[in-house]
Amino acid sequence: MITPWSVEQVLALAPDASSAAAGRKLSAPAPWSQTGVLGPAGGTGEAVWGLCQGSGKTPYQTVVDLTGPAYKCSCPSRKFPCKHALGLLLLWAGGGVPEASAPAAFGEAWLSARAEKATRPAPPARPGAPPADPAAAARRVEQRAVRTSAGVEELSRWLRDQARTGLAGADHAGYQRTDPVAARLVDAQAGALATAVRRLARVAVSGPDWSARLLEEHAMLHLLTAAHARLDALPAPLAATVRSRVGYPVRTEDVLAEPAVRDRWSVLDLRDHVEDRLVTRRAHLVGERTGRTAVVLSFAPPGRPLDASLVPATSIEADLHFHPGAHPLRAVVGARHGDPGPLGVVAAETVGAAHARWAGALAADPWLGELPVVLADVALAAPVGHAPTTRTAPERDGWSLVDTAGHAAPLAGSEGVWTVLAVTGGLPCTVAGDWTPDGLRLSAAVTGEGLVRL
């Protein structure tokens, strides 16, 4: 029988907390009938299906293609996966779905169509379609560059004005101080800069010593505008980093043209973040053989499906193509070599090596806000005091991770601490997280029992 996913893996696919809660309620056998799980020998790929009895007369037909994963349900929900798909997967994770030699009739056609589509060659170019006009494309790129440069220059003048008049009162100004500038940057197609400017209003109300943190954010934005002003003189990798921090688009086709890094990639975390009416899904991967870390992003409006092909606590042999930059982290998944499998060997580093890598990353990309890391053989150390730095969040309460050599990594907060203590008993383990200017943010622990998301 196919190895079921863990409950954590299933819940990581939920589009929101309410869907996860509803899925849990449907994870009991009572509402389900005609359930089954199909292995590769069945000919249509790994899948699980079942009928879920709701309040109506006709049960909902639910099918999940586990190789995607992809979902099909006859319910009217616009969420993907819906609560019925989550409930079915949770039932399967708990061993409540029997093995079958063939899919049920209500799922066979959909699964067969997906299998056929996967093997179908790409369609040829549409006959009679006008050839791309390189000259027109170049003009559009040039026009965008002019608009963006004007917006960045306007931001530079605004930053100089703020430095001249001072930051007093910014903690009471709210978004009235930053929204006009951010709106101008959106018009200039500098979306990443607009987001950074809006963030200034939140920094201004972040508690004691807010003015020092706000001044740092202003300084980093000034550095970015200065770098953009001499974009043509920068080394190509640094210029690519500056463009990405401003918000220049990068086509997926161009990223896929970058050299591939093939490895067995372990998926350690999957997190969704909502900002400006857009949901961003961030997956943290680490290569088993290369030890390289990567971040894969996908985007969708709230309520719309996001890429769910990367499931925490699984691994996939695949080619990753990294976005160009001075310190490449973000990647696009290219060719996959086989189906996802269980989590294998998780490559990890010492705290000292992570310190050095963070320093090198900041030297290459001063605007880097987080660096995914995996730390080996670290144990939690109780609070022993506070480390007063301007980049230290005021709520940090002194927890740290210490490796066998005595090197310490301070935590950005206590989130996940008690879970780590519970699953490890205070003994050393491997942890994953994001190294930030405020300290390490925990996201997962790897123990003898597998991956525990925090």
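The rules behind these values
- Residues numbered from 1 in each chain as written.
- Predicted model: local features only at pLDDT ≥ 70, side-chain atom pairs only at ≥ 80, totals over all residues.
- Heavy atoms only, no water.
- Pairing = 2+ DSSP bridges.
- Helix = DSSP H or I, 4+ residues; strand = E, 2+ residues; numbered from the N terminus.
- Axes fitted to C-alpha atoms, helices over the stretch in contact; angles between N-to-C directions.
- Contact = heavy atoms within 4.5 Å.
- Domains from an automatic or database assignment.
- Buried area = accessible area lost by both parts, 1.4 Å probe.
- Salt bridge = Lys/Arg side-chain N within 4 Å of Asp/Glu carboxyl O.
- Phe/Tyr/Trp six-rings, centres within 6.5 Å; stacked < 30°, edge-to-face > 60°.
- Buried < 20%, exposed > 50% of the residue type's maximum accessible area, 1.4 Å probe, protein only.
- Lys NZ or Arg CZ within 6 Å of the ring centre and 35° of its normal.
- pLDDT = per-residue confidence, 0-100.
- Parallel < 35°, antiparallel > 145°, perpendicular 65-115°, else oblique.
- Left-handed = near helix turned anticlockwise from the far one by under 90°.
- Nonpolar A, V, L, I, M, F, W, Y, C, P; charged D, E, K, R; others polar.

Description of the sheet that holds strand S16 (residues 439-447)
Phase 1: Strand order in the open sheet made by the six strands is S14-S13-S12-S15-S16-S17, with antiparallel pairing throughout. Edge positions in the sheet fall to strand S14 (408-410) and strand S17 (450-453), since each of these pairs with one other strand and no more. Direction aside, the axes of adjacent strands within the sheet are offset by 40° on average.
Phase 2: Inspection of the sheet shows strand S15 (residues 429-436) paired to S16 by seven bridges, in the antiparallel sense. If you follow Gly433 over to S16, its bridge partner there is Leu442.
Phase 3: Against the sheet, helix H12 (residues 351-364) makes contact with strand S12 (371-381), strand S13 (400-403), S14 and S15, and its axis sits at roughly 150° relative to S12, the strand it touches most.

Let's talk about the domain arrangement of the chain
Phase 1: Per the domain assignment, the segments making up the chain are domain 1 (7-103), domain 2 (141-246), domain 3 (252-342) and domain 4 (351-388 + 396-453).
Phase 2: Look at where the C-alpha atoms of domain 3 and domain 4 centre, and you get two points 22 Å apart.
Phase 3: Facing the 15 residues of domain 3 at the interface are 18 residues of domain 4.
Phase 4: Surface buried jointly by domain 3 and domain 4 totals about 1300 Å² across both partners, of which 60% is contributed by carbon and sulfur atoms.
Phase 5: Three residues stand out in domain 3 for area buried against domain 4, namely Leu268, Arg282 and His327, and they jointly supply 39% of the buried area on that side.
Phase 6: Our enumeration of links across domain 3 and domain 4 arrives at three salt bridges.
Phase 7: Notably, a salt bridge pairs Glu370 with Arg282, separated by 3.1 Å at the nearest N-O pair.

Things to note about the packing of aromatic side chains
Phase 1: Applying the stated criterion across every chain, the model contains one aromatic pair.
Phase 2: Centre to centre, the rings of Trp399 and Trp418 are 5.5 Å apart; their planes meet at 80°, and the pair counts as edge-to-face. Highlighted residues: Trp399 in the loop between S12 and S13 and Trp418 in helix H13 (residues 417-424), separated in sequence by 19 residues.
Phase 3: For Trp399, a relative accessible area of 12% translates into the label buried.
Phase 4: Over the ring of Phe322 we find Arg292; its NZ or CZ atom is 3.7 Å from the centre of that ring.

Some thoughts on the confidence of the model for the chain
As a general rule, the predicted coordinates of low-pLDDT regions are not to be interpreted in detail.
Phase 1: Looking at the chain as a whole, the pLDDT averages 88, with 91% of positions reaching at least 70.
Phase 2: Below pLDDT 50 for its whole length, residues 386-396 participates in 22 contacts with residues either more than four positions away or in separate chains.

A closer look at the sheet that holds strand S5 (residues 99-100)
Phase 1: Read from one edge of the open sheet, five strands run S4-S3-S2-S1-S5, paired in mixed fashion. Each edge of the open sheet carries a strand with a single partner, namely strand S4 (70-73) and S5.
Phase 2: Where strand S1 (residues 32-38) and strand S2 (residues 47-52) come together, five bridges link them in antiparallel fashion. Looking at the pairing, Ser33 lines up with Leu51 of S2.
Phase 3: Seen against the sheet, helix H3 (residues 83-93) touches S1, S2, strand S3 (60-65) and S4 and runs at an angle of roughly 65° to S1.

Description of the packing of helix H5 (residues 134-165) against helix H7 (residues 179-187)
Phase 1: One way to put it is that H5 packs onto H7 with a least axis distance of 8 Å and a crossing angle of 160°. By the criterion of interaxial angle, the relationship of H5 to H7 is roughly antiparallel. When you trace H5 past H7, the crossing you get is left-handed. Across the interface between the two elements, Ala150, Gly151, Val152, Glu154, Leu155 and Trp158 from H5 touch Val181, Arg184 and Leu185 from H7.
Phase 2: Considered class by class, the residues forming the contact of H5 with H7 number six nonpolar, one polar and two charged.

With respect to unusual backbone geometry
Phase 1: Cis geometry marks the peptide bond from Phe80 to Pro81; its omega dihedral reads -5°.
Phase 2: Assignment of secondary structure puts Pro81 in the loop between S4 and H3.
Phase 3: Of note in this structure, Asp377 is not a glycine but carries a positive phi near 50°.
Phase 4: With a relative accessible area of 45%, Asp377 lands in the partly exposed category.

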